[in-house]
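Remarks on the overall topology
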Amino acid sequence: MSVHRADAVAAQARDHPVMEWGARMGFAVYGLVYVVLAWLAVQVAVAGGRSASVSRQGALREVARQPLGHTVLWIAFVGFCALVLWEVATALGGHEDKDGADRVRSGLGSAAKAIVFAAFAISTAKIALGAGSSSHTKGWTARLMSLPGGPVIVGAIGVAVAGYGCYSIAKGLGDGWRKELDARGTRGDLGRVITVLARAGYTSRGVAFGIIGGLFVWAAITEDPNRSGGLDRALQRLRGAPFGTALLVLVALGFACYGVYNVAKARHLRPR
């Protein structure tokens, strides 16, 4: 099969109504995860509690504890799998409006999103099956640190994560996210509400990723893997900063905004 033929097949798959419906469901449950993350972050801000991990797995375990929680998790699993297929098809056959390097970068971005949603799908299935466990960030950081040039690798990961945080902030403050929505989602009173949700949501998520990236860089500099960590540790560090409780509440509010934005995106997803 030629490259152009493969692109055409991927584009047809992406534009199929079933694929679009699955992507909408996926974005809705993705938004739900961030709303739950916001609730867990508020608990850390108010009480400093660590009864629940503020992480992807922690949010999914919180969902599992609710009535019909496991049913919701399996629906979420289907939605995340649909998002993986949607982004893969977009990476292969999408971004027709771009040429050359811009199209390659956009394709790589879609491929990266597919990997993220695949991680969500795997975590969801594990927790639905009762096999989910907490994140072992420090464990694999220590293994990386023990490799030749390990601190450099960990530092590079930190820079990449922090760079993604900066990208998220830039996307929120810019208008790139508007391309993902149909006309109804960007105009009038609804458009103004969604604009606030997107700007607050992408910015707060970017701040969180920036802190996580900084923890990895600090672990690399000190050659101490215990200084690294995921979202849970990053928010704990933020709480310990001056005005940390207020900042953490703002981040939690931003997570909630990002979650609601994704639910709105599910409703107003622009056909590609």
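Summary of the structure given here. (Residues numbered from 1 in each chain as written. Predicted model: local features only at pLDDT ≥ 70, side-chain atom pairs only at ≥ 80, totals over all residues. Heavy atoms only, no water.)

Re the overall build of the chain
When you go through the chain residue by residue, the secondary structure sums to ten helices and zero strands. Across the 272 residues that make up the chain, the buried fraction comes to 44%. Long-range pairs, those at least 24 residues apart, make up 72% of the contacts in the chain with a sequence separation of at least 6. As displayed, the chain offers around 13,400 Å² of accessible surface, 68% of which is attributable to carbon and sulfur atoms. (Helix = DSSP H or I, 4+ residues; strand = E, 2+ residues; numbered from the N terminus. Buried < 20%, exposed > 50% of the residue type's maximum accessible area, 1.4 Å probe, protein only. Contact = heavy atoms within 4.5 Å. Areas by Shrake-Rupley, 256 points an atom, 1.4 Å probe, with all protein chains shown as cover.)

Notes on helix 7 (residues 150-173)
Taking 1.5 Å per residue as the helical rise, helix 7 with its 24 residues ought to reach 34 Å, and the 35 Å between its terminal C-alpha atoms agrees with that figure. Those residues of helix 7 lying buried are Gly150, Val154, Gly155, Gly158, Val161, Gly165, Ser168, Lys171 and Gly172. (Expected span 1.5 Å × (residues − 1).)

Comments concerning the pattern of salt bridges
Applying the stated criterion to the full structure yields nine salt bridges. One salt bridge connects Glu20 with Arg24, and the closest N-O pair in it is separated by 2.7 Å. Residue Glu20 and its partner Arg24 are located together in helix 2 (residues 17-47), separated by four residues, close to a single helical turn. A relative accessible area of 18% means that Glu20 is categorised as buried. By sharing partners, the salt bridges in this structure join Lys113, Lys171, Glu180 and Lys265 into a single network. (Salt bridge = Lys/Arg side-chain N within 4 Å of Asp/Glu carboxyl O.)

A word on the nonpolar core
Phe80, Phe255 and Tyr261 are the most contacted members of the largest nonpolar core, which has 49 residues in total. Among the elements of the structure, helix 2, helix 3 (56-64), helix 4 (69-93), helix 5 (100-128), helix 8 (188-222), helix 9 (231-239) and helix 10 (244-267) are those that each provide at least two residues to this core. Look past the residues within four positions of Tyr261 in its chain and what remains in contact with it is Trp177, Glu180, Leu181, Ile194, Leu197, Ala198 and Tyr202. (Core = buried A, V, L, I, M, F, W, Y, C linked by side-chain atoms within 4.5 Å.)

A few points about the environment of Gly201
With respect to the helices and strands, Gly201 occurs in helix 8. Taking relative accessible area as the criterion, Gly201 reaches 0% and is therefore assigned buried. Between the C-alpha atoms of Gly201 and Cys257, which are 56 residues apart in sequence, the distance is 4.9 Å. The contacts of Gly201, once residues within four sequence positions are left out, are Gly254, Cys257 and Tyr258.

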